[in-house]
Structures are given as structure tokens and as C-alpha cells.
Amino acid sequence: MMCDECGIRPASIRITTIAGGEKKERNLCASCMTKLKEAVPELDFTSLAGLLSGFFEAAKTAKVEEDVPNLTCSRCGMTYETFRKTGLLGCADCYKEFREPLEKLIMSIHANTQHTGRVPGGMARRVSLKATVDQLKAKLVNAIAAEEYEEAARLRDEIRALKQQLEEEVECHGGE
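Analysis parameters
- Residues numbered from 1 in each chain as written.
- Predicted model: local features only at pLDDT ≥ 70, side-chain atom pairs only at ≥ 80, totals over all residues.
- Heavy atoms only, no water.
- Salt bridge = Lys/Arg side-chain N within 4 Å of Asp/Glu carboxyl O.
- Helix = DSSP H or I, 4+ residues; strand = E, 2+ residues; numbered from the N terminus.
- Buried < 20%, exposed > 50% of the residue type's maximum accessible area, 1.4 Å probe, protein only.
- Phe/Tyr/Trp six-rings, centres within 6.5 Å; stacked < 30°, edge-to-face > 60°.
- Core = buried A, V, L, I, M, F, W, Y, C linked by side-chain atoms within 4.5 Å.
- Contact = heavy atoms within 4.5 Å.

Chemist: Give a detailed account of the pattern of salt bridges, specifying residues and quantitative values.
Modeler: Any two side chains of opposite charge can pair, on the condition that their charged atoms come close. Tallied over the full model, the rule gives 10 salt bridges. Notably, a salt bridge pairs K85 with E81, separated by 3.8 Å at the nearest N-O pair. Highlighted residues: K85 and E81, both in helix α3 (residues 80-86), separated by 4 residues, approximately one helical turn. Using a relative accessible area of 60% as the deciding quantity, one classes K85 as exposed. Owing to a relative accessible area of 34%, E81 belongs among the partly exposed residues under this scheme. Here R156 and D157 are joined by a salt bridge, their closest N and O atoms 3.0 Å apart. Take D157: its relative accessible area is 40%, and that puts it in the partly exposed class. Put simply, R14, K23 and E25 are held in one network by salt bridges that share partners.

Chemist: Please provide a residue-by-residue account of the packing of aromatic side chains, values included.
Modeler: All chains considered together, the criterion is met by 2 aromatic pairs. When the centroid spacing of 5.6 Å and the interplanar angle of 45 degrees are considered together, the rings of Y80 and F83 count as tilted. Of the two residues, Y80 and F83 both sit in helix α3, 3 residues apart, roughly one turn of that helix. Look at Y80 and you get buried, because its relative accessible area is 0%. Consider the rings of Y80 and F98, whose centres lie 5.5 Å apart with planes at 75 degrees: the pair is edge-to-face. With Y80 in helix α3 and F98 in the loop between α4 (93-97) and α5 (99-110), this pair connects stretches of sequence that are 18 residues apart. For the pair Y80 and F98, a shared accessibility class is recorded, and that class is buried. The rings of Y80, F83 and F98 are connected pair by pair, giving a single aromatic cluster.

Chemist: Pulling in residues and values, what's your account of the nonpolar core?
Modeler: Formed by L129, V133, L136, L140, A143, A152, L155, I159, L162 and L166, the largest nonpolar core amounts to 10 residues. Within the residue set of this core, elements represented by two or more residues are α6 (124-145) and α7 (149-173). Each residue touching V133, except ones within four places of it in the same chain, is listed here: I159, L162, K163 and L166. Residues M78, F83, C94 and L102 belong to the second largest nonpolar core, which totals 9 residues.

The following block contains the structure:
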């Protein structure tokens, strides 16, 4: 889809505005989005609640999400329906309680649930090690299922070595 503003570059951002009960959608490229931010500085594009709200609208339009699950957080009483409307979770337990629909939502937005972006300083090595361990665990399960026990033993040993490195990283740099 091409940018509605310039018509030259591919659109990577969808903006939905509702004014006077009228809903308008615009698909913009990054360049035109930057121009819009400069032209209308009072718009807060950094608000997580606003962004999540926009993502829910996009998900509704794309018919990615089916029925809203009837979930309620046992700790704070937040419902998934309320989360969908506000884009805000009530407490840390909401992430656990709403895990399945949140994963579906994130998958529909990013096409992945594994973080692949930048990592805070000092944690990149640990994140990389954890990702490698997770990949090796998946390979280990496949090797066992295929009855490739020598490969499974090699993977097990590699996982143990990486876990040891992770423990050493935590001891050296603390729990950051």
C-alpha cells in the first residue's frame, strides 16, 4: 500500500482519527509521518496507551482478533475488555492472566512475539545467550522426538554450558 500523503513511498504507519463521530484512516510512510509530527507537535505519538489503542483498531479492521475473551485479572480485577478499550493493564499479573490474547495481539502486530530490537546497555550478551538457549532447547526436543540421542546429548551439554555462562554473567553484572 502506498502512502496516502505523497503517493511515492510504501505506507508503514496507519493513523486513525475520530472527529465528530466520523472515522478517518490515513496510511503514511515514515517521511510523511515525520512531517505530520512536525506540523502537529501537540500529538503524542509516544503514549503507549494511545499506540495500543490504535493497534486494537487496526486489529479490528483486519479481523485478526475474534471474540474478546471473558478474562479478569484475579489480582486487580481488570478485564480484558477494559484493557482493549484503554490500552492499559491494571497490574503486573494482568500480563500472566491475559497472556494468550496478548500474544495473539502482539503476533498480529509484529508477526513475532520474540523481541528482536535494541537491548539496554550491559544486557545484550545475556539476552543473546537466553535466545540461543531457547533455540537449542527447541532443537533438543526435535532431536529427542527423532530419536537422535547423540545429537540430543550434544545439545544438552551445549545448553548446560550456556546456562553456566548466563549464571556467570548475572554474578558479574548483578541482576540488572
